[in-house]
Amino acid sequence: MLMKILDELMGRMRFRVQENQRAIVFQNGKLLSIAGPGEHVLPNWRKSLEVVPYDIITGAVFKSPYEKPLFDKLPDVAAKHLSVFRTGCTEVAVIERDGRPFDVLPPDSKLTVWADAGPWSATHIDISTDLRIDPDLLRRLVLAGKMNIITGATVAEGHAGLLFIDGVYVETLEPGVYGFWKAGRTATVKQIDLKRQSVDVTGQEVLTKDRVTIRINLAAEYRVTDPVLAVSAVKDFSDSLYRALQFAFRKTLGALSLDQILEKKVTIDEEAAGKVKADMAAIGVEVLDIALKDVVLPGEMREILNQVVAAEKQAEANVIRRREETNATRSLLNTAKVMAENPVMLRLKELEALEAIADRVERLTIHNGTGGLMNDIVKLRDE
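The present account deals with the structure reproduced in this document. Note that the coordinates shown come from a computational prediction; the quantities given were computed from them, not determined experimentally.

Each value, and the rule that gives it
Residues numbered from 1 in each chain as written. Predicted model: local features only at pLDDT ≥ 70, side-chain atom pairs only at ≥ 80, totals over all residues. Heavy atoms only, no water. Pairing = 2+ DSSP bridges. Helix = DSSP H or I, 4+ residues; strand = E, 2+ residues; numbered from the N terminus. Axes fitted to C-alpha atoms, helices over the stretch in contact; angles between N-to-C directions. Buried < 20%, exposed > 50% of the residue type's maximum accessible area, 1.4 Å probe, protein only. Arc of directions from axis to C-beta. Polar contact = N/O pair within 3.5 Å; in protein donor to acceptor, adjacent residues only side chain to side chain. Contact = heavy atoms within 4.5 Å.

Here's the deal with the sheet that holds strand S13 (residues 168-173)
Item 1. The strand order across the open sheet formed by 3 strands is S13-S12-S15, and the pairing between neighbours is antiparallel. Looking along the sheet, the strands with just one partner apiece sit at the ends: S13 and strand S15 (187-193). Ignoring strand direction, the axes of neighbouring strands in this sheet form an average angle of 25°.
Item 2. Relative to S13, strand S12 (residues 159-165) is paired through 5 bridges, and the arrangement is antiparallel.

In structure tokens form, the structure reads like this:
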């Protein structure tokens, strides 16, 4: 208290700056100095002194309207306490604080920090020819959460990544993680699946040669062999394959009658497959297999065909029945001839019949039933 009264009597100001602080001192509104840690005593006649403190740890970046006046009026003092980083029009800078990423400066930028909040370092990167970020640096920036001017892209396994800079193809990327600087130009990565894929064309209506409207279901398997050509030749290669299948099968099946289509259902797709495969190969897509899965008929046509099939099956059954009756009659005729020529055989058949009957009754009376048989046996023996 006594010291404070003494300072006021002597027209001076006493203030203390902590280790984590710096203070800009003004006198009569003019920049006087930057005060470091410790206790300071300065003349303060008519209370002309003003002290503005800054926490340099939590506020390492120096953002103040006094920045330009400091470098203009007190350049040596500003250079001692402040560090300035700048980037050119074709470069970015990774600013590190104590060996860890602190900030990333885009082109034509400036960053002013408190020097004692460091140590500071900067890595300048020329982006005039390549926007790609080194993988190790990318991992460090991701971990530090410094992605403000970075575009990230991941190319999955079994895919190809097509890199475009401002819409112009640059190169094809292998599977992996990539990062690109967002600095005046735009980098985009389009992923193309190189694995075997399938496309279905369902419910495609076709008017046959005999003017029957049918619906067909198609399936095709394909894979991209030239991703750059597949993307640049057409807007959507999958849609192009879909339309090629539609057109080829509509044209092929439309030239056939319904009976021809039903008869050649298994192989009809081969007639159209050649053109589809050739057209798709021209845009970097290999068609591996094409199949005509289903032919769907109108309701009334199905009823007519069912009746036709039923009539055909009935006719086939009648032919088989007549053939079996003919065979049975022929067999009976042959048996009758044998029995007529051999009386013993006839008698044996009689005994077989009697045996079958005897199994079903309790008593069986035979009148002269075996006499003829025994006489014939005796005759055969005498002979």
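Things to note about helix H4 (residues 135-144)
Item 1. Taken together, the buried positions of H4 are Leu-137, Leu-138 and Leu-141. Down the axis of H4, the smallest arc covering the buried residues is 100°, so these residues share one side.
Item 2. Of the residues that open H4, the one with a side-chain oxygen 3.1 Å from the backbone nitrogen of Asp-136 is Asp-134.

Some remarks on the environment of Glu-271
Item 1. The topology assignment puts Glu-271 in helix H8 (residues 268-281).
Item 2. When the C-alpha atoms of Glu-271 and Thr-252 are compared, they prove to be 7.3 Å apart, with 19 residues separating the residues in sequence.

Quick word on the side chain of Thr-87
Item 1. On the secondary structure map, Thr-87 appears in the loop between strand S6 (82-86) and strand S7 (91-97).
Item 2. Among the polar contacts made by the side chain of Thr-87, one reaches the main-chain carbonyl oxygen of Pro-106 at a distance of 2.6 Å.
Item 3. With near-sequence residues (within four places) excluded, Thr-87 lies in contact with Val-92, Ala-93, Leu-105, Pro-106, Pro-107, Asp-108, Ser-109 and His-124.

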